[in-house]
Amino acid sequence: MSATVLVARPQNKAPSTLVLGLSRIGYETRLYFRSPDTLLFTFFFPFIMLGIFTAAFSSSGNIGANPDGTGGVSVGAYYLPGMLAAGMLLSGVQNLAVDIAGEKSDGTLKRLGGTPLSPLSYFLGKIGQVFVTAILQAGLLLLVARLVLDIALPTEPEKWATFAWVFVFGVITSAFLGIALSAAPRSGRSATAVVAPVVLVLQFISGVYLQFTTLPEWMQNLASIFPLKWMAQGMRSVFLPESFAAAEQSASWDLPWVAGALGIWLVLGLVLSRVTFRWIRRDA
Amino acid sequence: MTTTAPVVQVRDLQKSYGGVEAVRGVSFSIAAGETFALLGPNGAGKSTTIEILEGYRDRSGGEVSVLGIDPHRGGLDWKARLGIVLQTSGESGNATVTELLRHFAGFYPHPRDVDEVIDAAGLREKAKTRVGKLSGGQRRRVDVALGIIGRPELLFLDEPTTGFDPEARHQFWSLIRGLKAEGTTILLTTHYLDEAAQLGDRAGIIAGGQLIDIGSLDKLGGADARVPVVRWRDGNGLVREERTSRPAQVVAELVRSLNGAEPADLEVIRPSLEDVYLSLVRGHEAMPAGSGAAASTNEGRSDPSRRIYKDVRA
């Protein structure tokens, strides 16, 4: 930018895709925190659910306890990984699907389509916003878990390394799936009605609200098709004791499978986003 | 980059949706620095035409060049030279006016100063207000401000002053005159003929997807359409009218015939642009498209098989 000073008549080069993408991230993130709906149904939703589950089921004792009542983990500790996974899904899929469908129907996308903003910068902005908000959400969730619910967090670096890749992988996958799903609602107004049930059902069958290991096998198999089950499983491997692995479908955390499933969904989401995204609804 | 080629060149533009022909062979060109007004009733094909030029819609036929490029293939560099004010606002309700303008300014290689644009658009007092909290007219000013923030060579204004109060409209006109003075080429659609007269160098009238007249604003409709009418009330209380190209002479003779008495309710009426426009549009609606005066200035593209125009929403 300083080079322009040397030129008599500044012929600025067009801003780069990356610079504009970063500018979009800041702008999008600011707007995210100004939207009450998004804050409630995306950002704070996992907090609300964690609070409800902890309050409702704590009296029935620890989960995974020995017959004599010792051992196991508290209800809050058991649900924390699921809520982290739900946060990743909500921040990506629900947030972007509703957001972009709204932008499509209220003219925001059409206006952007008439400017020299590259769609790539737009996507960078959306994915970056998902990333920033998901990190804040997960950080705050862990803080609440530790300080308010007194849940012991892992200390081993390997656990946090697993957390990092499951989180990054899961959030990016969710973001692409959100972009892809934004093509489904016919209007911004119907977006929530289309997206929320999908996300909600996924949370029920994927072990976010219900203990995955207690679900019937057919439901477990069904959930295994979708990415949320794998995000939740990856998170359980980080936050639950090793002994819980035995209760999983194959009696282990299956981390390579987590990586594989998320990878497939990432590619699928990327392709669907590319194919379905338009600045405006095309005419005949 | 000192070319004399037209900034916009449209030749035999056609657009149909399904079986409906929204635009049927429109041709015009806009020279650099010119302000061209596209007039016509709702559903006449104005917005379809302008959206094809903006690159939003594909055409069914004909040739279009905007800033030397086919809009269908226009890339980001091409878009950086355009300013687009769409007919409907885009929402960005939770951003303030300043935030939105600053953000959009960042998209362009040499944008205007954000504060200057805010002042020019009359948004100074609302600069820190979220767009969602603005009135319809104020939001429209934001649309206009966003359209000019990138210092466009060619500005599209699709019914820009809808919802403006008279003062805001006058403010907007002086803003546009400033852009004209800087050499900006402007394509304007409007329902306000005074606006077209104030800003436009030339105008085209579209009805039923066809250009029914084109020319400088004081020549639209031809000399016949502008013949003044002398109107007065005669001794029997009846209203008399005489169409004449020499109204002063008619009045003088009238006064002489009354032996110097003042004729009652004397008026000399020159058809306003609105009168001319309405007679052109009604004339077009009344006659089968393609025959007679329709498209007379439009390189004589007449097709006798075309049906009578029915108002079709594009």
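Each value, and the rule that gives it
- Starting afresh in each chain, residues are numbered from 1 along the sequence in its written order.
- Ligands are numbered from 1 and chains lettered from A, in the order in which they are written.
- Per-residue local features are limited, in this predicted model, to residues with pLDDT of at least 70; the limit for side-chain atom pairs, both in listing and counting, is 80 or more; totals at the level of whole chains, interfaces and linings are taken over all residues.
- Note that the side-chain values use all heavy atoms of the structure and ignore hydrogens as well as water.
- Helix and strand assignments come from DSSP, with helices taken as H or I runs of at least 4 residues and strands as E runs of at least 2, each series counted from the N terminus.
- Under the scheme applied here, a residue whose accessible area is under 20% of the maximum for its type counts as buried, over 50% as exposed, and between as partly exposed, the area being computed with a 1.4 Å probe on protein chains only.
- It only takes one pair of heavy atoms within 4.5 Å for two residues to be counted as in contact.
- In short, Shrake-Rupley with a 1.4 Å probe defines the accessible areas, and a residue's cover is counted only from the protein chains shown.
- Joining through side-chain atoms within 4.5 Å is the link that ties buried Ala, Val, Leu, Ile, Met, Phe, Trp, Tyr and Cys residues into a set, and such a set is a nonpolar core.
- When DSSP finds at least two bridges between two strands, those strands are taken to pair.
- For the domain bounds, the source is a domain assignment made automatically or taken from a database.
- pLDDT measures how confident the predictor is about each residue, on a scale from 0 to 100.
- Here the expected span of a helix is defined as 1.5 Å times the quantity of residues minus one.
- Taking the helix axis as origin, the arc is that swept by the directions to the C-beta atoms.

With that out of the way, let us pick up the overall build of chain B. Within chain B, the secondary structure is distributed over nine helices and 12 strands. Per-residue burial over chain B gives 48% buried out of 314 residues. Long-range contacts, defined here as pairs at least 24 residues apart, represent 65% of the contacts in chain B between residues at least 6 apart. Accessible surface, chain B as shown: approximately 14,400 Å² in total, 48% of it carbon and sulfur.

Before going further, it helps to examine the nonpolar core. Among the nonpolar cores identified, the biggest contains 125 residues, and Leu-80, Met-83, Leu-84 and Tyr-122 of chain A together with Leu-101 and Phe-172 of chain B are the most heavily contacted of them. Among residues more than four places away in sequence, those in contact with Tyr-122 of chain A are Arg-24, Glu-28, Ile-100, Glu-103, Leu-109, Leu-112, Leu-117, Phe-277 and Trp-279 of chain A. Among the nonpolar cores identified, the runner-up in size contains 31 residues, and Val-7, Leu-13, Ile-50 and Leu-67 of chain B belong to it.

Both faces of the sheet carry side chains from a regular strand, because those side chains alternate between them. Residue and element names in this part refer to chain B. The side-chain alternation of strand E5 (residues 82–85) yields two buried faces, one formed by Leu-82 and Ile-84 and the other by Gly-83 and Val-85. As paired elements, E5 and strand E6 (residues 154–158) share four bridges and run parallel to each other. Residue pairing for E6: Ile-84 is matched across the bridge by Phe-156.

A few words on the domain arrangement of chain B. A common way to report how large an interface is uses the accessible area buried once the components associate. The domain architecture assigned to chain B consists of domain 1 (8–81 + 153–221 + 274–286) and domain 2 (228–270). Using only C-alpha atoms to locate each centre, domain 1 of chain B and domain 2 of chain B end up separated by 40 Å.

In this section: the confidence of the model for chain B. Per-residue confidence for chain B gives a mean pLDDT of 86, with 90% of residues at or over 70. Predicted as a complex, the structure gets a pTM of 0.84 and an ipTM equal to 0.87.

A few words now on helix H6 (residues 166–181) of chain B. Residue and element names in this part refer to chain B. Helix length check: H6, at 16 residues, gives a terminal C-alpha distance of 23 Å against a target of 22 Å (1.5 Å per residue), a fit within 8%. Considered for burial, the residues of H6 that qualify are Ala-168, Arg-169, Phe-172, Trp-173, Leu-175, Ile-176 and Leu-179. In an axial view of H6, the angular spread of the buried residues amounts to 165 degrees, which keeps them on one side of the axis. Opposite the packed face of H6, turned more than 90 degrees from it, sit the exposed residues Pro-166, Glu-167, His-170 and Ala-181. Buried-residue contacts for H6 involve helix H4 (114–120), helix H5 (136–148), E6, strand E7 (185–189) and helix H7 (193–199). Backbone geometry just after H6 places Gly-183 at a positive phi near 100 degrees.

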